[in-house]
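Listed here are the chains, written in short residue letters.
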Amino acid sequence: MAEPQPRPVQPVAVSGARRRAPLVHGGRTGAGPVVRSAQGRPCALSGLCAVDVVRGGHHLPRRHPVVLMARQGRNMMKQSQLFLNTLREVPADADVVSHQLMLRAGLIRQHAAGVYSFLPLGMRVLHKIETIVREEMDAAGAQEVMLPALQLEELWRQSGRSEDYGPLMFRVTDRHGRAMVLGPTHEEVITELVRHEVRSYRQLPFTLYQIQTKFRDEARPRAGLLRLREFRMKDAYSFDIDEEGLDRSYRAMFDAYCRIFDRIGIAYRAVDADPGAIGGEGGTHEFMVLSEAGEDTVVGCEACNYSANIEKASGQALPAAGSSGVPAKARVATPGVRTIDDLVQTLGVAKAQVLKVVVYLADGQPVAACVRGDHEVNEVKLKNTLRARHLELASPEAVEALTGYPVGFVPPTISIPVVFDRDVASVADGVAAAGAGYHEVHVVPGRDVVLTRVADIRNVTEGDLCPHCGGRLRFFRGIEVGHVFKLGTKYSRAFGATYLDEKGQERTILMGCYGLGTSRIIPAIIEQCHDEDGIIWPLAVAPFHVHIVPVNVRDEQQVKAATMLYQRLAAAGVEVLLDDRDERPGVKFKDADLIGLPLRVTVGNRVAEGKVEVKVRKTGEVQVLSLEEAFQTILHTVK
RNA sequence: CGGAGCAUAGCGCAGCUUGGUAGCGCGCCUGCCUUGGGAGCAGGAGGUCGUGGGUUCAAAUCCCGCUGCUCCGACCA
């Protein structure tokens, strides 16, 4: 590094008490060690005047290293020393509020698309989140490990996921030409590990977890920390002998997740989900933080607690319509009428009467999906119905080549396999395409169109009825911060992870896996906890608990009071940030609001009467208190 | 991977249409002054205009290629 290093300076005279003084985070109350400047003056605040460092060609730190060491601890930080640069203006590349605030408050800086550095404040938040996660994992009986981030590609071939993940994996080659990947997840590694360790049912069950940096070469990183290519994740894996055990392990993790989000202090919902590429034979839930910035649509019932990812959500089937009174179908010329909207216009029918046909390629084979004109095909459901590995919308050219009909004119009676949504049956008097330039009216599903294969393959819509209680379904946006799966034997079978039961029979281990995006939780929190002035940290994850702001650091009384409170609080285990900068009050207040620590103590003119102000960031509520009262109040709030 | 946009000082931007050797605000440094909501005055530092090529006497500006970043879509534990 080209940065100039501080040159050695002569040691500062330090009172003899220093060596014996307990470190501030030792939990003992009392004044901090007395530090004197080289001139022998007691240093009132922060060493602002502690040491006059001789300046050479380069600027040297104003404060002497010895002073720093004697006065530092995880509970205390002077803002003049903090590696923090707040931004007054909104960076042009950030248009999601959590991203803007993380940059402005100096939590993170971008390195590349989807790759960020965590600065001290951001690191403290991440650390707190991961500490909570660790505590709850441990409390749930899981054991921490750390698995390789650098993994043999061979392992991914064994599970068949090397191809599944494809370009999503960062691939590297070692000096011997061996193919390796940067781990996007760890099912393979852990299963391979466990397979070698477990022989007997006596060794089961257990759950292992790790907190790791993971790598996914996302096609489109997004919105700051919401979708990263290098990100932090806690992942846990459970190993059981039977379904019952797996249920217990799953439940333990599910409950631990609830405690984690409760402790962090954000609103979340556990929703039914689709297992997606990770596979899995049992249940799965996603933990969603509700936020407009979220990438997922969450469906929730107004009346009961049913909620599901839209990929998974089902409503009650719509009542089927009969064919009574519907005239025989008739062919009409509809040249150029390609879209549903066109049909509605030209034929004067309702969207809900139209039978929409969409052509897909399922593992390369053409398949048509037929849904009502006002409904959307749910590709996840369709893919699951077809048991396909890959499903993609056919291009217009492909549609014509495969079906012989142009897009918009593919009839539901086509010869390629057609999957009908179950709610197609709700169409009484329908309209369907009938080849290029024609449609048919008075079409009755079942009568005029043979429903060869019927399944739920559409997205629910707002207003559909809850499958559990019949209440109305509503949509929300959510950020997926956690996902728990019952994997069953998918990986254990692929890797031969087995055990011998009581009878000496070889059996396959049942697995569960449980992910939690620790870095993604940060923007999720901020999305929920901010106002126009900045972040509003929940106490449990705030980088510090209290921000002490002496209004004028040239006022000796203010400095003295602020420092005293700072040291007492820190010694009592409160995490305190002291704004000892010689800045104007406005600047300090703006920064304090932006950084968003839960409590702010303003030490101003009223200190003459022994009073300071304690302000709650979230509510704006201000209390004028004596120093002692302030100390007690803060202590009780934080502890 | 498709579509769109952007790239000029640490940050936010102007300059480009009509080529003549770079500017504004904020921040930063020095001094004075000021200290309860991003003050004021004076002085100052800082830019191979993303990159490679081309056109031209002359390119931030015109042309071509590349790269990076952002957004929309596709994709997605």
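Residues numbered from 1 in each chain as written. Chains lettered and ligands numbered in written order. Predicted model: local features only at pLDDT ≥ 70, side-chain atom pairs only at ≥ 80, totals over all residues. Heavy atoms only, no water.

Asks: Is there a simple way to think about the nonpolar core in this case?
Replies: Ranked by internal contacts, the top residues of the largest apolar core, which has 63 residues, are Met137, Ile264 and Trp537. Take this core: its biggest share by element is 10 residues, from helix H8 (residues 243–264). Apart from residues lying up to four places away in sequence, isoleucine 264 is in contact with Ile129, Ile132, Ile521, Ile525, Pro538, Ala540 and Val541. Core analysis: the second largest hydrophobic core is formed by 25 residues, Met76, Leu569, Leu599 and Leu635 among them. (Core = buried A, V, L, I, M, F, W, Y, C linked by side-chain atoms within 4.5 Å. Buried < 20%, exposed > 50% of the residue type's maximum accessible area, 1.4 Å probe, protein only. Helix = DSSP H or I, 4+ residues; strand = E, 2+ residues; numbered from the N terminus. Contact = heavy atoms within 4.5 Å.)

Asks: Explanation requested: the sheet that holds strand S31 (residues 611–616) in the structure shown.
Replies: An order of S1-S29-S28-S30-S31-S32 is seen for the 6 strands of this open sheet, with the pairing classed as mixed. Every interior strand has two partners, whereas the edge strands, strand S1 (76–78) and strand S32 (622–626), have only one. Pairs of neighbouring strands in the sheet enclose a mean axial angle of 20°, with direction left out of account. By the bridge criterion, 3 bridges tie strand S28 (residues 546–550) to strand S29 (residues 576–578) in an arrangement that is parallel. Bridge pairing links histidine 547 to leucine 577 in S29. Contacts between helix H14 (residues 556–571) and the sheet are confined to S1, S28, S29 and strand S30 (599–603), with S28 contributing the most and set at about 165° to the helix. Contacting S28, S30, S31 and S32, helix H16 (residues 627–638) runs over the sheet at an angle of about 125° to S32. (Pairing = 2+ DSSP bridges. Axes fitted to C-alpha atoms, helices over the stretch in contact; angles between N-to-C directions.)

Asks: Looking at this structure, how should I read helix H4 (residues 120–139)?
Replies: Owing to its 3.6 residues per turn, the α-helix brings residues three or four apart onto one side. Over its 20 residues, H4 runs 28 Å from end to end, which matches the ideal 28 Å to within 8%, given 1.5 Å per residue. Turning to H4, its buried residues are Leu121, Gly122, Arg124, Val125, Leu126, Lys128, Ile129, Glu130, Ile132, Val133, Glu136 and Met137. At the exit of H4 stands glycine 141, carrying a positive phi of roughly 90°. (Expected span 1.5 Å × (residues − 1).)

Asks: Please clarify how the packing of aromatic side chains should be interpreted in this entry.
Replies: Two measures describe an aromatic ring pair: the distance that separates the ring centres and the angle between the ring planes. All chains considered together, the criterion is met by 7 aromatic pairs. Seen from their ring centres, phenylalanine 254 and phenylalanine 287 are 5.1 Å apart, and the 55° between their planes marks the pair as tilted. Of this pair, phenylalanine 254 sits in helix H8 while phenylalanine 287 sits in strand S11 (residues 284–290), and the two are 33 residues apart along the sequence. On the basis of relative accessibility, which here comes to 10%, the residue phenylalanine 254 falls in the buried class. Aromatic rings pair up to connect Phe254, Tyr257, Phe261, Tyr268 and Phe287 into one cluster. The aromatic ring of phenylalanine 544 is capped on one face by arginine 124, whose charged end is 3.8 Å from the ring centroid. Above the face of the phenylalanine 631 ring, arginine 568 is positioned so that its terminal group lies 3.7 Å from the ring centre. (Phe/Tyr/Trp six-rings, centres within 6.5 Å; stacked < 30°, edge-to-face > 60°. Lys NZ or Arg CZ within 6 Å of the ring centre and 35° of its normal.)

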